[in-house]
Every structure is written in C-alpha cells, then in structure tokens.
Amino acid sequence: MAPSPDITIRNAESSDADQMRLLTETNFAFRTDPELLKAEQQDPVFRTEDALIAVDQGRVVGQVKVGRQLLTVPGARAVEVAAISGVVVAPTHRRRGILRAMYTEQHRRTEEAGLPLTIFTVSEGTIYGRFGYGPVIVANSVTIDRTEAEFRSTAPDPGGVFLVDTAEAKDRIIDIYDRWHRQTIGTQASPPSQWRRVFADPESYRDGGTSLFTLLHADGYAQYRYMDKDDKNQVYVEDLRAVTPDAHVALWRALMGLDLIDEIATLLAEDDPLPYLLKDIRSVRVKNRHDLLWLRTMDIPAALTARTYLDDLDIVVAVDDPFRNAGGAFALRVRDGIAECEPTTRSADIELGIDVLASMYLGTYSPRLFAAANRLQAKDSGTVRALEAAFRTEHAAKLGWHF
Ligand SMILES: CC(=O)SCCNC(=O)CCNC(=O)[C@H](O)C(C)(C)COP(=O)(O)OP(=O)(O)OC[C@H]1O[C@@H](n2cnc3c(N)ncnc32)[C@H](O)[C@@H]1OP(=O)(O)O
C-alpha cells in the first residue's frame, strides 16, 4: 500500500544502486570508502535486488535493505531470520507514511517466506516499538584505566596468547568466531562478505586510529587499534571473542600488558566477568549503555518453539500485535526445556504487547520488569515468576556484528 498515489513501493533493481547509496550516505552522514565500495559491489552483505524501495518521479526516496541471517537463540539453536538494515526515508519525504508503507510490505513478505523472527540494529529507541520490535541485547561502553587496574591474586593466568599479523590470522579468527557464535545467544553467523569488510579495515572504520592489531589464543582473539583520545594513549578493542573462560582472561591479561597505554576502551556485555577479575570493580567505568539489537516475532508459535527454556511452563499468553494483526491467545507448554505452542480459545494468564514478548525472547529483559512497568499483565505474581524462571537464560545475549 503506497502512502500517496505519487509514491511507488517496489523491489530495487541493480540500476537503483547509485541512488540508494546517495540516500544512505545522506542520511547516515558519511561517504562510502571507494575500496570498500568495489568489494561491496562484488559481494554485498545486503543485495540491492533484495531491498524494497519507495520511488517518487523516478527518484529513490526510501529504502529497506533485507537479508537472511542465522541467529543463535536460547538452547544454542540456529534459526534463520530476516535481517533488516539501511532503513532510510529522504529528508525531503519524511512523516508521510513511507516507512510504514515499506514496512507493511516488507513484513508481509517475511511472513510469506515463513521466517519466524526479524532482527535489526536501530538508530533511535522510539520508532520501532509500534512495529512490534523490542530491544534484546544490551552492552556497555566502558573504559579501563590501564595504569591503575590490577588483576586479583585469584584471577587465572593461563597464558597462551600471541601477537599475530591480522591478515595471516584470518582463517583462525573466522573459525574462532564461528565456534563462539554457535554457543552464544543473540549472535549471527558472519558471512564471507562481512569478513571482507572487517579485514578490509578501511580508513573510514578507524576513527583516526591505526589499522587492526590482533592477539590470538587457541580459543579466542582480540582485534584492537591504537587511538589518541583526549591526549590519552588509548587501545580500542573492536572485537574480543573468547570461546572459553581461559581465553577470555588470557586475552585481557595480554591487553593489560600494553605498558605504554593509558586506557583501554571497548563494548562489554553485561555479564562479562572482567570487572570481577580485577581488584577494584570500578576500574571498569561504564560510559554508556546501548541497546544493540531489536527483534520481532513474525510467527509466535514458530518463534516460541524455536528456543529452549530453563523451567517447565503451562500458560496461556495473549499477545497484542496492532501492526501485523498476528497476535491472539497462545497456549505455551514447556517440558524439559522443549516448548509446544498453539493458538487457543482458553482465557489468558498473561497479556502483553508483541514488543514486550520480543524483549523477553533472548532472556535479556525479565517479565518482572515489564509487569512492574504495567506492560505485562498477569493473573497473579506466581505466573510472572514461572514465566521468569522459564524465559531466563544462563548467559546474556550478545551481538555478533553490527549491520
Ligand atoms: C534498521 C535501521 O536501519 S535503523 C535506521 C533508521 N533510519 C534513520 O534513522 C535515518 C534517518 N531517518 C529516516 O530516514 C526516517 O526519519 C525514518 C526511516 C526513521 C522514518 O521514516 P518516515 O517515512 O518519516 O516514517 P513514517 O512517516 O512512515 O512514520 C511511521 C511511524 O513512525 C513514527 N516515526 C517516524 N520517525 C520517527 C522518529 N524519528 N521518532 C519517533 N517516531 C517516529 C511516525 O510518527 C509514524 O508513527 P505512526 O504511523 O504510528 O503515526
């Protein structure tokens, strides 16, 4: 459905690519690195032909890029999901319903394709709740004063980390990422096109820092760059993936061993043990908290049975979905971690919006929080506790890569 007769919503074609790039660069305020552009044209992370665009008088005025990704959900199960990126409406055409029209069509297609979930990373927190999305991954921007931070005497010191040339370590890095992704909730498989972007490491990715340095362990790696930040010698850790606790502490010990560095900065998951390995937990200073990934359930029974649970449950959940009208009442029964879910006419034990269901899906946000905020209504507090016990996860969900 078009927002006005002048606007056509249609599939993008390769001949639309230049206009789409101009739209993207204008809205996200950057110029595409020419080297990266060449690689992107050969093997893009999101293909032009899979995008939906809005066109006015032959000009592209809106776009939604879409692809498929493999997402790890609780139970370490891999689920194929729709991934949206590069959502833009031209500044000349905003607030006329173009995003809503593109999303209506895009979500119809995703439903038709039978994908149970849609994910994306977002620019603003107020836009996507109305479309049934909720945040599912949280991380903190932190800095560590390297000159003061000290490991506790009980912190393991397993060693096993070596300095390596980033280009030479490519295959090892890809293999470790893949092992980490398969066991880590919230992460996506990383396709060759995404690795090409990482290893191309163009000037525009560096924020004034050096190209990537790599520390390698048999079960982990850290990729970082040296920066000059506010007259401090800073190491910015772009990516630290550890498959085992030993690899985690060994990599952090190696980073802390960079004697001439004042400060280390990175994004840290909420359940990262680093602060608790140090003598003073305040050595890790949180500067900002970010929601990194948002999610929407497209098919509630398919989504709820795709993940596993930590406790038994027998409950009727009523879900409100004003955008897709795909809500209703669903009987959710969990035994030994495995769920069955189907539409029901039984009366509801829990009522919530589909955005709230989304935020509970990877275990990051607790049902109790939403009950306290009056965004989840339960017949009694025992029902909320049962939901909480079933939906929680052993580890916090983490983002694989930004898209
Ligand atoms: C997944 C990603 O790529 S995230 C990146 C999103 N893109 C950006 O931030 C780039 C800059 N912004 C834009 O391109 C545009 O402003 C967009 C895409 C965010 C919105 O496009 P528009 O065509 O103006 O949105 P549209 O008119 O369809 O509005 C849809 C609804 O969202 C609301 N909305 C739109 N933008 C905003 C906003 N920035 N903040 C809060 N609400 C918003 C509208 O009020 C409308 O609400 P309603 O339908 O419930 O009444």
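These figures come from a predicted structure and were not determined experimentally.

It is not clear to me how the sheet that holds strand E16 (residues 350-353) should be interpreted in this structure. Could you clarify?
What holds strands together in a sheet is hydrogen bonding between their backbones, with the strands either parallel or antiparallel. In spatial order, the strands read E15-E14-E13-E16-E17; together these five strands make up an open sheet with mixed pairing. At either margin of the open sheet sits one strand with a lone partner, and together these are strand E15 (338-343) and strand E17 (376-378). Mean inter-strand twist for the sheet, computed between neighbouring axes without regard to direction, equals 25°. In this structure, strand E13 (residues 313-320) lies alongside E16, joined through four bridges in parallel fashion. Looking across to E16, one finds that Val319 is bridged to Leu352. This element, helix H11 (residues 381-391), spans E13, strand E14 (328-335), E16 and E17 of the sheet and lies at about 95° to E13.

Just to check I follow, could you spell out the UniProt feature "domain: N-acetyltransferase" (unreviewed entry) in the chain for this structure?
Per the UniProt record, the feature "domain: N-acetyltransferase" (unreviewed entry) sits at residues 7-168. Secondary structure content for residues 7-168 is 23% helix and 35% strand, while the C-alpha to C-alpha distance between its ends is 50 Å.

Looking at this structure, I do not really get the pattern of salt bridges. What am I missing?
For side chains bearing opposite charge, pairing can occur when the charged atoms are close. Taken as a whole, this structure holds 31 salt bridges when the rule is applied. Among the salt bridges present, the one from Asp16 reaches Arg10, with a minimum N-O distance of 2.9 Å. Owing to a relative accessible area of 7%, Asp16 belongs among the buried residues under this scheme. Among the charged side chains, a salt-bridge network with shared partners connects Asp201, Glu203, Arg206, Arg225 and Glu238.

Before we go on, may I ask you to explain the UniProt feature "active site" (unreviewed entry) in the chain in this structure?
Mapped onto the present numbering, the UniProt feature "active site" (unreviewed entry) falls on Tyr128 and Phe403. Inspection of the secondary structure puts Tyr128 in the loop between strand E5 (117-120) and strand E6 (134-145). Residue class for Tyr128 comes out buried when judged on its relative accessible area of 6%. Beyond its immediate chain neighbours, meaning those up to four positions away, Tyr128 contacts Val87, Tyr103, Phe120, Val122, Tyr133 and Trp294. Tracing the backbone through its elements, the reader meets Phe403 in the segment after H11. The exposure class assigned to Phe403 is buried, which follows from its relative accessible area of 9%. Contacts of Phe403, omitting those with residues within four sequence positions, involve Phe46, Gln69, Ala83, Ile84, Ser85, Ile119, Phe120, Thr121, Gln188 and Leu293.

How do you make sense of the environment of Leu268 when you look at a structure like this?
If you trace the backbone, Leu268 turns up in strand E11 (residues 263-269). For the pair Leu268 and Glu388, spaced 120 residues apart in the sequence, the C-alpha separation amounts to 24 Å. Contacts of Leu268, omitting those with residues within four sequence positions, involve Ala139, Asn140, Val142, Trp252, Leu274 and Val284.

Whenever I open this one, the site of the ligand confuses me. Can you help?
Neighbouring the ligand are 22 residues, the closest being Val87, Arg95, Arg100, Ser123 and Arg130. Between the ligand and Gly97 there is a distance of 2.9 Å, counted from an oxygen atom to a backbone nitrogen or oxygen. In the environment of the ligand, an oxygen atom lies 3.5 Å from a nitrogen or oxygen atom belonging to the backbone of Ile98. Burial of the ligand by the surrounding chains reaches 80%, relative to a free accessible area of 970 Å².

Help me understand a positive patch on the surface, please; the structure alone is not making it clear to me.
Judged by side-chain charge, Arg94, Arg95, Arg100 and Arg130 come together as a positively charged surface patch. Turning to its location among the elements, Arg95 is positioned in the loop between strand E4 (77-89) and helix H3 (98-113).

Help me out: how do you make sense of the domain arrangement of the chain in this one?
Interface size is commonly expressed as the accessible surface area that is lost when the partners come together. Per the domain assignment, the segments of the chain are domain 1 (7-120), domain 2 (139-290) and domain 3 (299-391). Distance between the C-alpha centres of domain 1 and domain 2: 30 Å. Facing 15 residues of domain 1, the contacting portion of domain 2 comprises 18 residues. When domain 1 packs against domain 2, close to 1,200 Å² is buried across both sides, 58% of that on carbon and sulfur atoms. The largest contributions to the domain 1 side of the interface with domain 2 come from Leu36, Val45 and Thr72, which together make up 39% of the buried area. Where domain 1 touches domain 2, the interface holds one salt bridge. A salt bridge links Arg196 to Asp43, with the shortest nitrogen-to-oxygen separation between them at 2.3 Å. Contributing elements (two or more residues each) for the side of domain 1 that touches domain 2: helix H2 (34-42) and strand E3 (59-73). The greatest single-element share of the side of domain 1 that touches domain 2, amounting to five residues, is contributed by E3.

What counts, and at which threshold
- Residues numbered from 1 in each chain as written.
- Predicted model: local features only at pLDDT ≥ 70, side-chain atom pairs only at ≥ 80, totals over all residues.
- Heavy atoms only, no water.
- Pairing = 2+ DSSP bridges.
- Helix = DSSP H or I, 4+ residues; strand = E, 2+ residues; numbered from the N terminus.
- Axes fitted to C-alpha atoms, helices over the stretch in contact; angles between N-to-C directions.
- Contact = heavy atoms within 4.5 Å.
- UniProt positions renumbered as here; feature names shortened; annotations may be inferred.
- Salt bridge = Lys/Arg side-chain N within 4 Å of Asp/Glu carboxyl O.
- Buried < 20%, exposed > 50% of the residue type's maximum accessible area, 1.4 Å probe, protein only.
- Near = heavy atom within 4 Å.
- Polar contact = N/O pair within 3.5 Å; in protein donor to acceptor, adjacent residues only side chain to side chain.
- Areas by Shrake-Rupley, 256 points an atom, 1.4 Å probe, with all protein chains shown as cover.
- Patch = residues over 30% accessible without salt bridge, like charges linked within 9 Å, V, L, I, M, F, W, Y side chains within 5 Å.
- Lys, Arg positive; Asp, Glu negative; His and termini not counted.
- Charge placed at Lys NZ, Arg CZ, Asp CG, Glu CD.
- Domains from an automatic or database assignment.
- Buried area = accessible area lost by both parts, 1.4 Å probe.

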